[in-house]
Amino acid sequence: MGRLKQKGKAGAAKAYVTRSSAVKKLQCSLADFRRLCILKGIFPREPRHKKRANKGSTAPTSFYYVKDIAYLAHEPVLNKLREHKAFAKKISRALGRGEWSTAKNLEDNKPVYRLDHIIKERYPSFIDAVRDIDDALCMIHLFASLPSNPRVSPALIENCARLTAEWQLYVMHTRSLRNVFLSIKGVYYQAEVMNQNVTWLVPYQFPQNIPSDVDVRVMLTFLELYQTLLGFVFFKLYTDAGLVYPPPLDSGKDESGAGVGAFNLRPANPSPATGAPKSDAPKVSSKEVRQTIKNITAESSSVPPTDVDIDRTGSLPDAAEEEFVPQASKSDLDVPSSLPTLLSLSSLPKPSSTNIFAPYTFWLSRESSRSIFEFLIRSFGGRIGWPVSSGGGSLFTEDDEAITHVIIDRPAAKDDTAQERERRRRRKYVQPQWVVDCINAGKILLEDLYAQGKTLPPHLSPFGERDGAYDPTIGLANVENSLVEVDDAELSEDCQEVEDVDMGSELEGDVTSRAALAVVAANDPEALRAAELAAEAAGVDYGTFEKEVQKKQKQQKQKHKEDAVNDGGGEEDMNKILMSKRKRQLYERMKYGEKKRATEHAKLEEKRVKIEKDRRRKARAS
């Protein structure tokens, strides 16, 4: 006789646990349970059979894996949260009794937990951490732009602002920025760090407010984790780049509003010329150490060494001068040795697109965002200055002769002074979009299209879009063809208005019938030529005839497509029947998304054709 299965002891009922049961098992509050799940990366699961997982109940609830809850039970942060709960009770009791010294001692010994071990658990390797800093960067940039209130402390905002400045300093120092996109939400940046694409969003510098319907406690828990993660990542990045972390802050520049310029990047190992302390102890080279070991080995052994490689150790260079030298092949002497080494790879020149602004000096007008364009131009090797109204720390003034470009975002003034006219002759005045488009293109674009006061070209997203997405720069040929057809139609309509109405009605039937015959005989050149001659003999204009032919061809193609869809519908339904429920739902969602994108694409194309047609009509009327 087999083992009897008891209800709720196996299967889904044993693998899943409800949230209320998990909170009861961990003996913590619901807020602490949420905080633990966020910090440890545990999220609710969706069982295949909810009724079985809930032991027969159909009440809506959240489920978690039993193993995840057992994993949380051994978390050190959970013990600290329990200690904090006891601390809150003790200090509340001491304050109620007026025991101020006891309350002060409790406050000095307040339990504090650290998240270092959680970072090491969730990110075993450094590359894993770099791949996951996109959300962290977006979060700290968001909180750095928020105002302080009782829920968000000023110290937290200051720490987020410091982390954002450290990240920008690293990107500017390593020239890692690749793409930029100015959107309605903010500015999207993409940098390449450790061969990984890191994308983050920075909001514009407008006054922000925290909505009342947003649960800030959940966001603060994520922010707490992200701050610890970024501290680890930044330390590793700065150390690998040979820089001191955290970078020192100049208080004077910070008070004057220097922003990122208030931080100083310093090398981690300063050279002796910079004032590093020198040691008076004699230095022992690796060559002397090897020679000493060789002598000791020769004295302790009575048998002479047979390995001839030992004699070569005396000729080895110092450790500081060691470098791998590729040797030629002994089997094929004609093949040259060109093996790459770590030293040669590190000394390779970087792509020229990272230094596109190196030959230029920019001046930023007061209405342009300094934080955005200072970061962009310095990331690509350029020099930038700004007026005092935008903050301190500018390297030069507006009268500097080295300025080549002026980034301006206001209409051109009508009455310019002689000094201003001289400046415009020597400098290029461009709108801010020129900087971003140059970065995305990887080269310097013509300034004429982005001159002050001109209508800018479309600003497109540089990130990898899906295939078939709407691109206003690709479909120009199709739009031109459609516009030509529209113009021909308008011209033919004007000609038809001049002619007699009765004669036009008679010719319309002839044109339609002959165009239909021409479409039927489109594959036969002789029949098509005969239809054209017949239309010409009947007094039909050639342009009108061609228009009717194209119209009939489009109708015939559309009819063929509809027939193909109708014929394939049965086969598609049969294929969907053979699919499982999960795959069928996924297939339907894919088809729905494709249809939605195609509809949006068609609407944009139609809107574009309409705008261009109106523009041509206005130009023709004027």
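Residues numbered from 1 in each chain as written. Predicted model: local features only at pLDDT ≥ 70, side-chain atom pairs only at ≥ 80, totals over all residues. Heavy atoms only, no water.

**What about the packing of aromatic side chains?**
Per the counting criterion, the structure on display carries 17 aromatic pairs. For the pair Trp 167 and Phe 234, a centre-to-centre distance of 5.8 Å together with 15° between the ring planes defines the contact as stacked. With Trp 167 in helix α11 (residues 154–174) and Phe 234 in helix α12 (residues 216–240), this residue pair connects regions lying 67 residues apart in the sequence. The buried category is assigned to Trp 167, whose relative accessible area is 0%. Residue classification places Phe 234 among the buried residues on the basis of a relative accessible area of 1%. With a centroid separation of 6.2 Å and an interplanar angle of 70°, the aromatic rings of Phe 357 and Phe 380 are classed as edge-to-face. (Phe/Tyr/Trp six-rings, centres within 6.5 Å; stacked < 30°, edge-to-face > 60°. Helix = DSSP H or I, 4+ residues; strand = E, 2+ residues; numbered from the N terminus. Buried < 20%, exposed > 50% of the residue type's maximum accessible area, 1.4 Å probe, protein only.)

**Focus: the state of the cysteines**
One pass over the structure, following the stated rule, counts zero disulfides. Looking at Cys 37, it has no disulfide partner, and the nearest cysteine sulfur is the one in Cys 28, 8.4 Å off. Residue Cys 37 is classed as buried on the basis of its relative accessible area, which comes to 7%. (Disulfide = S-S within 2.5 Å.)

**With respect to helix α16 (residues 370–379)**
Burial analysis of α16 places eight of its ten residues in the buried class, the great majority of the element. Of all the residues in α16, the buried ones are Arg 370, Ile 372, Phe 373, Glu 374, Phe 375, Leu 376, Ile 377 and Ser 379. Note on α16: the residue one or two positions beyond its end, Gly 381, has a positive phi of about 85°.

**Focus: the sheet that holds strand β3 (residues 177–182)**
Reading across from one edge, β3-β4-β5 is the order of the three strands in this open sheet, with antiparallel pairing throughout. Only two strands of the sheet have a single partner each, and these edge strands are β3 and β5 (196–202). The average undirected angle you get between the axes of adjacent strands in this sheet is 15°. Where β3 meets strand β4 (residues 187–193), five bridges bridge the pair, whose relative direction is antiparallel. Bridged to Leu 182 within β4 is Val 187. (Pairing = 2+ DSSP bridges. Axes fitted to C-alpha atoms, helices over the stretch in contact; angles between N-to-C directions.)

**Some words on unusual backbone geometry**
Of all residues except glycine, most have a negative phi; of all peptide bonds, most are trans. Omega for the peptide link from Tyr 245 to Pro 246 comes to -5°, which places this bond in the cis form. With respect to the helices, strands and loops of the structure, Pro 246 is situated in the loop between α12 and α13 (251–255). The phi angle at Arg 175 is positive, at roughly 55°, despite the residue not being glycine. Note on placement: Arg 175 falls in the loop between α11 and β3. Its relative accessible area of 25% is what places Arg 175 among the partly exposed residues.

**Let's talk about the environment of Leu 364**
Inspection of the secondary structure puts Leu 364 in strand β6 (residues 361–364). If sequence neighbours within four positions are ignored, Leu 364 has contacts with Ser 369, Arg 370, Phe 373, Ile 384, Gly 385, Trp 386, Pro 387 and Ile 407. (Contact = heavy atoms within 4.5 Å.)

**As for the pairing of β6**
The alternating pattern of β6 places Thr 361 and Trp 363 and Phe 362 and Leu 364 on opposite faces, both of which are buried. Of the strand pairs in this sheet, β6 and strand β7 (residues 383–385) are connected by three bridges, and their pairing is parallel. Bridging across to β7, Phe 362 finds its partner in Ile 384. Taking the sense of rotation as the criterion, the β-α-β connection linking β6, α16 and β7 turns out right-handed. Alignment of β6 against strand β8 (residues 405–407), held across three bridges, turns out to be parallel. Bridging across to β8, Phe 362 finds its partner in His 405. (Right-handed = clockwise from strand over helix to strand, strands pointing away.)

**Side note on the confidence of the model for the chain**
Summarising the model, the chain shows a mean pLDDT of 78, and 74% of its residues fall at 70 or more. In this model, residues 273–281 is a region of pLDDT below 50 whose contacts with residues beyond four sequence positions or in other chains number three contacts. Across residues 341–346 the pLDDT falls below 50, and counting only partners more than four positions away or on other chains, this stretch makes three contacts in the model. (pLDDT = per-residue confidence, 0-100.)

**Looking at the packing of helix α2 (residues 19–26) against helix α5 (residues 66–73)**
A packed helix pair is summarised by two numbers, namely the angle formed by the two axes and the spacing between the axes. Close contact between α2 and α5 brings their axes to 10 Å; oriented N to C, the two are set at 25°. Between α2 and α5, the interaxial angle falls into the category roughly parallel. Handedness of the crossing formed by α2 with α5: right-handed. Taking contact as the criterion, the partners of Ala 22, Lys 25 and Leu 26 in α2 are, on α5, Ile 69, Leu 72 and Ala 73. (Parallel < 35°, antiparallel > 145°, perpendicular 65-115°, else oblique. Left-handed = near helix turned anticlockwise from the far one by under 90°.)

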